[in-house]
Amino acid sequence: VHGVPDLVAWARGQRTEVLEATPSLLRALTSELRPGEILDSLKVVCSSGEALFGADVMAISEHLSEDCRFLNVIGASEAGQFATYVVQPSDRTRPGIVPVGFASAEKRVDLVGPSGQPVAAGETGEIVVESPLPLQRLPARPRGTHGPL
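Predicted model, so just to flag it, every value in this text is computed and none were measured.

Q: When you look at the pattern of salt bridges in this model, what are you seeing that I'm missing?
A: If the charged atoms of two oppositely charged side chains come close together, the side chains can form a pair. Tallied over the entire structure, the rule returns five salt bridges. In this structure, Arg15 engages Asp40 in a salt bridge whose closest nitrogen and oxygen atoms are separated by 3.0 Å. Note that Arg15 is positioned in the loop between helix H1 (3-14) and strand E1 (18-21) and Asp40 in the loop between helix H2 (23-32) and strand E2 (44-47), a separation of 25 residues in sequence. Here Asp56 and Arg27 are joined by a salt bridge, their closest N and O atoms 2.7 Å apart. Of this pair, Asp56 sits in helix H3 (residues 54-61) while Arg27 sits in helix H2, and the two are 29 residues apart along the sequence. Residue Asp56 is classed as buried on the basis of its relative accessible area, which comes to 8%. Members of the salt-bridge network, linked through shared partners, are Arg12, Arg34 and Glu37.

The structure is reproduced here in structure tokens:
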């Protein structure tokens, strides 16, 4: 597969059921689809890696069957996926940034400030993920360094 047009043709031919893509790739794929074309084999579209906008959801939704599930997720290499938002059909016309959703049942996710205390809604902070499950091991930190990775 070389380039987005080839990827679209390949996905059509394979009758792809699950599509995992960044919003940028979803935009590129959508631009290659024919008007009115429905990707009826798709059962799940999962977006992650960068901010997903309502306009992205609206554009790709024109090419999805009504029973196709659309998920927006957030995760990290060390923690895996830790929050998911299921985009409902009624959300497919929502403007602005699509939420990343709710923490997975086995993980606790907090947004904290420099003091380690939770920040108020709308404030900037550091994402802290806690889990009883083992997280992937990080490489050793170089001597003399500290702070978040």
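Q: Would you mind going over the nonpolar core with me for this structure?
A: Most often, soluble globular proteins keep nonpolar side chains buried together rather than apart. Ranked by internal contacts, the top residues of the largest apolar core, which has 18 residues, are Leu19, Leu26, Leu42, Val45, Leu64 and Phe70. Elements supplying a minimum of two residues to this core: E1, H2, H3 and strand E4 (80-87).

Q: Explain the side chain of Ser61 here, please?
A: Note on placement: Ser61 falls in helix H3. At 2.6 Å, the side chain of Ser61 and the backbone oxygen of Val57 are in polar contact.

Q: What should I look at first to understand a nonpolar patch on the surface in this one?
A: On the surface, Val109, Leu111 and Ile127 cluster together to form a nonpolar patch covering roughly 210 Å² of accessible area. Residue placement: Leu111 occurs in strand E6 (residues 108-112). Note on Leu111: relative accessible area 33%, which makes it partly exposed.

Q: Please explain H3 as it appears in this structure.
A: Spacing of three or four residues puts side chains on the same side of an α-helix, whose turn is 3.6 residues. Burial in H3 covers these residues: Gly54, Asp56, Val57, Ile60 and Ser61. Down the axis, H3 shows its buried residues gathered within 160° of arc, on one side only. Where the residues of H3 are buried, they touch H2, strand E3 (69-76) and E4.

Q: I keep staring at the pairing of E2 and nothing clicks. Help me out?
A: Strand residues, when the strand is regular, have side chains that alternate between the two faces of the sheet. Where E1 and E2 come together, four bridges link them in parallel fashion. By the bridge assignment for E2, Leu19 is matched with Val45. In this region the chain leaves E1, passes through H2 and returns to the parallel neighbour E2; the handedness of that crossover is right-handed. A crossover links E2 with its parallel partner E3, the connecting element being H3, and its sense is right-handed.

Q: Could you clarify how one ought to interpret the environment of Val128 in this entry?
A: Assignment of secondary structure puts Val128 in strand E7 (residues 126-130). When its relative accessible area of 26% is taken as the criterion, Val128 is described as partly exposed. For Val128 and Gly116, which are twelve residues apart along the polypeptide, the C-alpha to C-alpha distance reads 9.3 Å. With residues up to four places along the chain from it excluded, the contact list for Val128 reads Arg108, Val109, Asp110 and Val112.

Reading the values: the criteria
Residues numbered from 1 in each chain as written. Predicted model: local features only at pLDDT ≥ 70, side-chain atom pairs only at ≥ 80, totals over all residues. Heavy atoms only, no water. Salt bridge = Lys/Arg side-chain N within 4 Å of Asp/Glu carboxyl O. Helix = DSSP H or I, 4+ residues; strand = E, 2+ residues; numbered from the N terminus. Buried < 20%, exposed > 50% of the residue type's maximum accessible area, 1.4 Å probe, protein only. Core = buried A, V, L, I, M, F, W, Y, C linked by side-chain atoms within 4.5 Å. Polar contact = N/O pair within 3.5 Å; in protein donor to acceptor, adjacent residues only side chain to side chain. Patch = residues over 30% accessible without salt bridge, like charges linked within 9 Å, V, L, I, M, F, W, Y side chains within 5 Å. Areas by Shrake-Rupley, 256 points an atom, 1.4 Å probe, with all protein chains shown as cover. Arc of directions from axis to C-beta. Contact = heavy atoms within 4.5 Å. Pairing = 2+ DSSP bridges. Right-handed = clockwise from strand over helix to strand, strands pointing away.

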